[in-house]
Amino acid sequence: MVHPLIKVMLVGGKGDGLMVSVADNATEISVTPAQYGAKSGQPLSYRIVSQTIDDERYFFGVFNESHELTRGMKKLFG
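First things first, this report covers the structure right here in the doc. Note that the coordinates shown come from a computational prediction; the quantities given were computed from them, not determined experimentally. (Residues numbered from 1 in each chain as written. Predicted model: local features only at pLDDT ≥ 70, side-chain atom pairs only at ≥ 80, totals over all residues. Heavy atoms only, no water.)

**Points about the overall build of the protein chain**
Moving on, step 1. In terms of regular secondary structure, the protein chain is built from one helix and five strands.
Moving on, step 2. Element order for the protein chain, N to C, with α for helix and β for strand: β-β-β-β-β-α.
Moving on, step 3. Residues classed as buried in the protein chain amount to 33% of the 78 residues present.
Moving on, step 4. Within the protein chain, counting contacts between residues at least 6 apart in sequence, those at least 24 apart form 30% of the total.
Moving on, step 5. Looking at the protein chain as shown, the accessible area adds up to about 5,200 Å², and 51% of this sits on carbon and sulfur atoms. (Helix = DSSP H or I, 4+ residues; strand = E, 2+ residues; numbered from the N terminus. Buried < 20%, exposed > 50% of the residue type's maximum accessible area, 1.4 Å probe, protein only. Contact = heavy atoms within 4.5 Å. Areas by Shrake-Rupley, 256 points an atom, 1.4 Å probe, with all protein chains shown as cover.)

Put into structure tokens, the structure is as follows:
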């Protein structure tokens, strides 16, 4: 079965602020150095969480627990 894609905003790490597409059943996403603009380095893993704001569901990739979702939300809504 093919799952529809969702847009995920990355929060924290070198991929902060990137929007990426993943299957709607994904719980994690790995971002390559090329995706976050580096010539080399390690892939970064983000945990996908959802947040409902004004009856709209948004998806965020959280680099680690110390990054607040509000950073990504400010970029999205600011």
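**Here we look at the pairing of strand 4 (residues 44-53)**
Moving on, step 1. As defined by bridge partners, strand 3 (residues 28-31) adjoins strand 4 across four bridges and the pair is classed as antiparallel. Note that in strand 4 the partner of valine 31 across the bridge is leucine 44.
Moving on, step 2. Pairing of strand 4 with strand 5 (residues 56-62), which is carried by seven bridges, proceeds in the antiparallel orientation. By the bridge assignment for strand 5, arginine 47 is matched with valine 62.
Moving on, step 3. Where strand 4 folds back on strand 5, the antiparallel hairpin that results is connected by two residues, among which aspartate 54 adopts a positive phi of roughly 50 degrees. (Pairing = 2+ DSSP bridges.)

**Quick word on the nonpolar core**
For soluble globular proteins, the rule of thumb is that nonpolar side chains tend to be buried together.
Moving on, step 1. Counting residues in each nonpolar core, the largest one holds twelve residues, listed as Ile6, Val8, Leu10, Val20, Val22, Ile29, Val31, Tyr36, Leu44, Tyr46, Ile48 and Phe59.
Moving on, step 2. Taken together, the elements giving at least two residues each to this core come down to strand 1 (5-11), strand 2 (19-23), strand 3 and strand 4.
Moving on, step 3. Val11, Val49, Phe60 and Val62 belong to the second-largest nonpolar core, a separate cluster that totals five residues. (Core = buried A, V, L, I, M, F, W, Y, C linked by side-chain atoms within 4.5 Å.)

**Here we look at the sheet that holds strand 1**
Pairing between the strands of a sheet comes from backbone hydrogen bonds, and it takes one of two forms, parallel or antiparallel.
Moving on, step 1. Here five strands make up an open sheet; going across it, the order is 2-1-5-4-3 and the pairing mixed. Sheet topology places strand 2 and strand 3 at the edges, where each strand pairs with a single neighbour. Strand-to-strand, the axes of this sheet are offset by a mean angle of 40 degrees, without reference to chain direction. (Axes fitted to C-alpha atoms, helices over the stretch in contact; angles between N-to-C directions.)

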